[in-house]
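Listed here are the chains, written in short residue letters.
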Amino acid sequence: ISGVWSLDHNKIIIESADTLFRCKADPYKLIPVSEFHSELAARTPGLKLNEITPDLLKGVVIYEEMNKVNGILVNSYSYLPKESMPVTAKERFEYLFQHRKKYTSNELDVYCYDLIGNVNQPRTLQELYLHYCRIVDNYYYSK
């Protein structure tokens, strides 16, 4: 076979982020953004840190604004892999709201899009959210 091939830079970042969290003693502990970036850069030489965005990491980690880590308020990432989610809508929303008390629709979308359109399930994400969540000031909370 002849030709040129290359690795998908974004997939490398996503898989490296997943591995970084799974290798921690407590994978569900918050990691400050700066620490996350430096650890990820150490694992993936040539990585451009400005390319790492919360949107890129959706479905693996979730961006947490201003949380206390070691007594200091910092922006952090927490591990929330989509693969670990329950398969039923009710259980999935319970799982999500155990992890965190509120979400934006943008944050929920990646975890819920596969639930719509199934038998006896809502046909849109908004219908699904209305069924399992309440909305206050553009945030979704558990019912």
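What counts and what doesn't
- Residues numbered from 1 in each chain as written.
- Predicted model: local features only at pLDDT ≥ 70, side-chain atom pairs only at ≥ 80, totals over all residues.
- Heavy atoms only, no water.
- Phe/Tyr/Trp six-rings, centres within 6.5 Å; stacked < 30°, edge-to-face > 60°.
- Helix = DSSP H or I, 4+ residues; strand = E, 2+ residues; numbered from the N terminus.
- Buried < 20%, exposed > 50% of the residue type's maximum accessible area, 1.4 Å probe, protein only.
- Lys NZ or Arg CZ within 6 Å of the ring centre and 35° of its normal.
- Pairing = 2+ DSSP bridges.

## Points about the packing of aromatic side chains
For the coordinates displayed, the defined rule picks out 10 aromatic pairs. Their ring planes at 65° and their centres at 5.7 Å tell us that Tyr63 and Tyr77 sit as a pair that is edge-to-face. Note that Tyr63 is positioned in strand E2 (residues 61-69) and Tyr77 in strand E3 (residues 72-79), a separation of 14 residues in sequence. A relative accessible area of 24% means that Tyr63 is categorised as partly exposed. A relative accessible area of 1% means that Tyr77 is categorised as buried. Geometrically, the ring pair formed by Phe93 and Tyr132 is stacked, given 5.1 Å between the ring centres and 10° between the ring planes. You can see Phe93 sitting in helix H3 (residues 89-99) and its partner Tyr132 sitting in helix H5 (residues 125-132), a full 39 residues away along the chain. For Tyr132, a relative accessible area of 18% gives the class buried. By way of ring pairs, the aromatic residues Phe21, Tyr28, Phe36, Tyr63, Tyr77 and Tyr79 are connected into one cluster. Over the ring of Tyr103 we find Arg100; its NZ or CZ atom is 4.8 Å from the centre of that ring. When the ring centre of Tyr139 is taken as reference, the NZ or CZ atom of Lys102 above it lies at 4.2 Å.

## Details of the pairing of strand E6 (residues 139-142)
The sheet contact formed by strand E4 (residues 102-103) and E6 spans 2 bridges and is antiparallel. From the neighbouring strand, Lys102 faces E6, where its bridge partner is Tyr141. Connecting strand E5 (residues 133-136) to the next strand, E6, in antiparallel fashion are 2 residues, including Asp137 with a positive phi near 50°.

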